[in-house]
Structures are given as structure tokens and as C-alpha cells.
Amino acid sequence: MAGERGGRSVKRQAITLAEIAEHGNLVLAAWKAARGKRTRPSVARFLADFERQIARLAESIVHEQAPLGRSSSFSLYDPQQRTIHAACFADRVLQHAILNLAEPRFERMLVANAYACRPGKGVHAAVTAVQGGLRARPWFAQVDVDAYFPSIRHERLLALLARRFKGDGFFRLLQRILACGATGGPGVGLPIGSLCSQHFANAFLDSADRLLLAHRACGHLVRYMDHFFWACDSRDAAEESVGALAEHLQRERGLRLTPKICIGRSAQGTQFCGFRVRQGIVLASRRKLARFRAAMQRLAAADAAGLVSESELQRSADSALSTLYGCETRAFRRRLLSASGGFALS
């Protein structure tokens with residue numbers, strides 16, 4: 001997938017508020033937003049009065065009163081603190097309605113080397129691609145963008161989107177969504193956890209992908225949101241490309257890299273998205289193993305206390321086990337099985 005070429009004129013997609021508010025589009029959006037969450041009180045209330053809620057949302061879109069702008073937030077520590085913002089259900093339906101129309105254009109914007117939040121991609125495909133890069137060239141570079149989501153400037157993002165989309169009402173809607181979610185001060189920052197944020201943040205770094213892909217001594221680029229990996233022919237090429245990326249991000253996007261820049265020999269392997277990636281094997285990180293062990297201990301305690309049914313226990317254990325998918329953990333799970341007296345999955 002080559003993506004849209006940054007240097008040539010691209011026909012913009014027109015999106016109107018009437019299209020977003022169209023009944024069938026909102027019904028599909030509500031179905032997507034409710035998937036797996038129907039028992040949550042806010043979702044259940046919306047679904048219990050479905051047609052009236054859909055009509056109310058459609059009216060607010062057309063009359064430029066959406067979004068509601070209500071959200072809740074909570075913090076995760078994995079390993080650093082991240083604040084997750086959960087929009088109210090009506091605003092989540094609105095964002096799905098927008099992406100029903102806009103997602104195909106976002107997909108065409110991106111090169112194949114971007115793996116986050118995309119159909120047919122994901123973290124496991126990214127890790128496999130990183131391993132391919134380690135096998136292909138003797139050196140690699142790996143960098144992250146510093147405080148990425150809180151640092152995205154709205155005017156730069158909107159200018160980027162204006163080269164792919166058009167519609168005055170649509171852009172006023174986007175401006176209101178961005179203003180409600182500003183996390184770095186007025187006009188700055190995207191909320192982590194928002195559906196639109198994922199697509200906006202992916203698109204915002206597309207030019208950086210193309211910069212690295214054009215570098216002759218580099219290849220096998222892998223980007224997972226703001227985490228970059230690429231393989232290089234030499235250490236000099238790695239250092240040069242890191243410098244070029246840092247300069248581009250500062251000039252074009254108002255961003256900077258974290259001080260922790262990793263340039264190393266491919267034979268040594270690297271850590272990427274919670275996996276220890278080597279040329280011949282993929283292992284789980286120590287943090288990922290610790291989280292799995294803690295999950296198994298919680299389930300064992302719940303089982304001993306009779307707090308969960310056998311089917312609930314199996315579903316929870318399968319969910320915990322899925323976090324280890326794609327890496328070699330058999331020896332670890334056998335040790336855990338032995339220590340737990342047979343509860344942990346083998």
C-alpha cells in the first residue's frame with residue numbers, strides 16, 4: 001500500500017453535516033460504539049430510548065451543537081502515568097459516525113509501515129515487522145516522540161486535514177471536537193482514548209514516515225503511533241536519519257523526540273511495544289510477564305473464594321493469555337502452573 005503521495009495534488013473528500021447525521025449512518029455508528037459495552041449504564045440508557053436519542057443527536061449535528069463535550073478520565077500506569085479520557089456515549093457515537101465516512105481517506109493517507117489502530121495491522125504485526133528489520137540490516141534506530149498526544153497543535157492538524165477533506169460545517173465540527181479535548185492548553189493536545197484522536201495522531205506523523213522511507217541507507221520502517229523503528233546499513237546512517245527525523249518533526253509538526261534514542265546492532269535485538277524482539281525469537285517483556293502473573297493470581301483468588309463461575313474464569317484467563325500472543329512463554333507458563341498448583345493455563 002503506497003499511500004497518497006505527499007508531493008502531488010490530491011482530490012479532497014467532501015463531507016457534509018447532513019451525511020454525518022443521516023439516520024443509517026448514526027445507527028451504524030451507535031452499533032459500533034455499543035459493541036461489547038451494552039451493559040454499561042450510559043450505553044443501556046441510550047439504547048433503551050434509541051430512536052429518540054438518534055434523532056436528538058442528528059439534530060445537534062445539523063444545527064452545529066455537537067459534541068456535548070462531556071467526558072470522564074482515569075489514569076493508567078504502564079509504566080508511566082497516562083490519563084485516559086472517555087467521552088460520553090453520544091459523543092462516541094458522533095465520532096464513529098464521522099469515521100464511517102472519513103476512515104477510508106485516512107487509510108489512503110498512510111503508508112503500509114504505520115501499524116497502530118488500523119484494520120489488518122496491530123501490535124503483533126508491528127513486532128513481526130521489527131523482527132524482519134533486525135534480520136535484514138546490521139543496525140537499527142528506535143525513537144519515540146516526547147509527550148506526543150498532549151503536544152499536537154490543532155492548527156497544524158487542521159491544516160493537514162484540509163488537504164484531504166473539505167466542508168465548512170465539517171471543519172467547524174472538527175474544531176469543536178478538538179477544543180473539547182484539548183489536553184495541553186487551548187489549541188493544543190488530543191485526548192488519549194478518543195476514536196478521532198487515534199486517526200488524527202496517526203495521520204499527523206505520515207510525513208515523518210515518508211521522510212524515513214526516502215532515506216536510501218534505511219529500510220524496514222515500523223511505526224506504532226509515535227514509536228519509530230527502522231533498520232540501517234550503518235551507524236552513521238542511523239545517526240543521520242535520526243537527526244533528519246528530529247529536524248523534520250520540530251520544523252513541520254512542532255514536536256521533539258524523547259532524549260532516549262536507541263541506536264544499536266541488530267544482533268543485540270530491541271524492545272518494542274512490550275516485547276523483547278530478537279532476530280530468532282520474540283519474548284514478552286518483564287512488565288508484561290509480571291502483569292500476566294498478577295492477573296493469574298487475582299483469578300486464582302477469585303476462584304478459591306467462589307466469586308466467579310467456571311465460564312467467567314475461563315474467559316478471563318483467555319483474555320489474560322491473549323496478551324502473551326506472538327511470543328515464546330511456554331517455560332514461564334509451566335513454572336507459573338507448577339507454582340499455582342494447576343490454576344494457570346499451560
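Refer to the structure presented above.
Cut-offs applied
- Residues numbered from 1 in each chain as written.
- Predicted model: local features only at pLDDT ≥ 70, side-chain atom pairs only at ≥ 80, totals over all residues.
- Heavy atoms only, no water.
- Phe/Tyr/Trp six-rings, centres within 6.5 Å; stacked < 30°, edge-to-face > 60°.
- Lys NZ or Arg CZ within 6 Å of the ring centre and 35° of its normal.
- Salt bridge = Lys/Arg side-chain N within 4 Å of Asp/Glu carboxyl O.
- Buried < 20%, exposed > 50% of the residue type's maximum accessible area, 1.4 Å probe, protein only.
- Helix = DSSP H or I, 4+ residues; strand = E, 2+ residues; numbered from the N terminus.
- Core = buried A, V, L, I, M, F, W, Y, C linked by side-chain atoms within 4.5 Å.
- Polar contact = N/O pair within 3.5 Å; in protein donor to acceptor, adjacent residues only side chain to side chain.
- Contact = heavy atoms within 4.5 Å.
- Pairing = 2+ DSSP bridges.
- Axes fitted to C-alpha atoms, helices over the stretch in contact; angles between N-to-C directions.
- Parallel < 35°, antiparallel > 145°, perpendicular 65-115°, else oblique.
- Nonpolar A, V, L, I, M, F, W, Y, C, P; charged D, E, K, R; others polar.
- Expected span 1.5 Å × (residues − 1).
- Arc of directions from axis to C-beta.

Participant: Requested: an account of the packing of aromatic side chains, with residues and values cited.
Facilitator: Applying the stated criterion to the full structure yields eight aromatic pairs. Where Y148 meets F149, the ring centres are 5.6 Å apart and the plane angle is 80°; that geometry is what we call edge-to-face. Ring centres 5.7 Å apart and planes at 75° place the aromatic pair F170 and F171 in the edge-to-face group. Through a chain of ring-to-ring contacts, three or more aromatic side chains come together here, namely F106, F165, F170, F171 and F200. Here K121 stacks its cationic end above the ring of Y115, 4.8 Å away from the centre of that ring. Its end group placed over the ring of F204, R253 keeps NZ or CZ at 4.9 Å from the ring centre.

Participant: Lay out the pattern of salt bridges in plain terms, naming residues and giving numbers.
Facilitator: Counting across every chain of the model gives 12 salt bridges. When the shortest N-O distance is used, the salt bridge between D49 and R52 registers 4.0 Å. Since its relative accessible area comes to 28%, D49 is described here as partly exposed. A relative accessible area of 55% means that R52 is categorised as exposed. Here R118 ties to E107 by a salt bridge, and the two come within 3.0 Å at their closest N and O atoms.

Participant: Kindly report on unusual backbone geometry, identifying the contributing residues and their values.
Facilitator: In this structure, P67 follows A66 across a cis peptide bond, with omega equal to 0°. Tracing the backbone shows P67 in the loop between helix 4 (50-62) and strand 2 (71-77). Not every positive phi belongs to a glycine, and E64 is a case in point at roughly 60°. Look at M225: it is not a glycine, yet its phi comes out positive at around 60°. Within the secondary structure, M225 sits in the loop between strand 6 (218-224) and strand 7 (227-232). The class of M225 is buried, set by a relative accessible area of 8%.

Participant: Tell me about the nonpolar core, residues and numbers included.
Facilitator: Counting residues in each nonpolar core, the largest one holds 67 residues, and the members touching the most others are I20, Y148, F228 and W230. Here the element with the most residues in this core is helix 5 (residues 89-109); it accounts for 10 residues. Counting residues in hydrophobic clusters, the runner-up holds 26 residues, among them V222, F275, V282 and F332.

Participant: Could you give me a rundown of the environment of A136, with the residues and numbers involved?
Facilitator: Topologically, A136 is positioned in helix 6 (residues 123-136). For the pair A136 and Y224, spaced 88 residues apart in the sequence, the C-alpha separation amounts to 19 Å.

Participant: How would you explain the side chain of S194 if you had to name every residue and give the values?
Facilitator: Considering the arrangement of structural elements, one finds S194 in the loop between helix 9 (168-181) and helix 10 (195-204). At 2.9 Å, the side chain of S194 and the side chain of Q95 are in polar contact. What S194 contacts, discounting residues up to four positions off in sequence, is H85 and Q95.

Participant: A description of the sheet that holds strand 10 (residues 275-277) should follow, citing residues and the corresponding values.
Facilitator: With respect to topology, three strands assemble into an open sheet ordered 9-10-11, the strand pairing being antiparallel. Every other strand in the sheet has two partners, leaving strand 9 (270-272) and strand 11 (282-284) as the edge strands with one partner each. Taking the axes of each pair of neighbouring strands and ignoring which way they run, one obtains an average angle of 30° across the sheet. With respect to the sheet, helix 6 is in contact with strand 9, strand 10 and strand 11, its orientation differing from that of strand 10 by roughly 25°.

Participant: Outline the packing of helix 3 (residues 41-48) against helix 5, listing residues and values.
Facilitator: Viewed as axis vectors pointing N to C, helix 3 and helix 5 meet at an angle of 70°, and their least axial separation amounts to 9 Å. Between helix 3 and helix 5, the crossing angle belongs to the class labelled roughly perpendicular. Contacts between helix 3 and helix 5 involve S42, V43 and F46 on the former and, on the latter, F89, A90, R92 and V93. In the contact of helix 3 with helix 5, the residues fall into five nonpolar, one polar and one charged.

Participant: Could you give me a rundown of helix 12 (residues 235-253), with the residues and numbers involved?
Facilitator: Between its terminal C-alpha atoms helix 12 stretches 26 Å, which fits the 27 Å expected from 19 residues at 1.5 Å a residue. Turning to helix 12, its buried residues number three or more, namely A237, A238, S241, V242, L245, H248, L249 and R253. Seen along its axis, helix 12 keeps its buried residues to an arc of 130°; they face one direction. The outward face of helix 12, more than 90 degrees from its buried face, is lined by the exposed residues D236 and E240. Backbone geometry just downstream of helix 12 places G254 in the positive-phi region, at approximately 65°.

Participant: Could you give me a rundown of the sheet that holds strand 8 (residues 262-265), with the residues and numbers involved?
Facilitator: Strand order in the open sheet formed by four strands is 6-7-4-8, and the pairing between neighbours is antiparallel. The sheet terminates laterally at strand 6 and strand 8, the two strands that pair on one side only. Pairs of neighbouring strands in the sheet enclose a mean axial angle of 15°, with direction left out of account. Alignment of strand 4 (residues 139-144) against strand 8, held across four bridges, turns out to be antiparallel. Note that in strand 8 the partner of A141 across the bridge is I263. Running over the sheet, helix 6 touches strand 4, strand 6 and strand 7 and is turned about 160° from strand 6.

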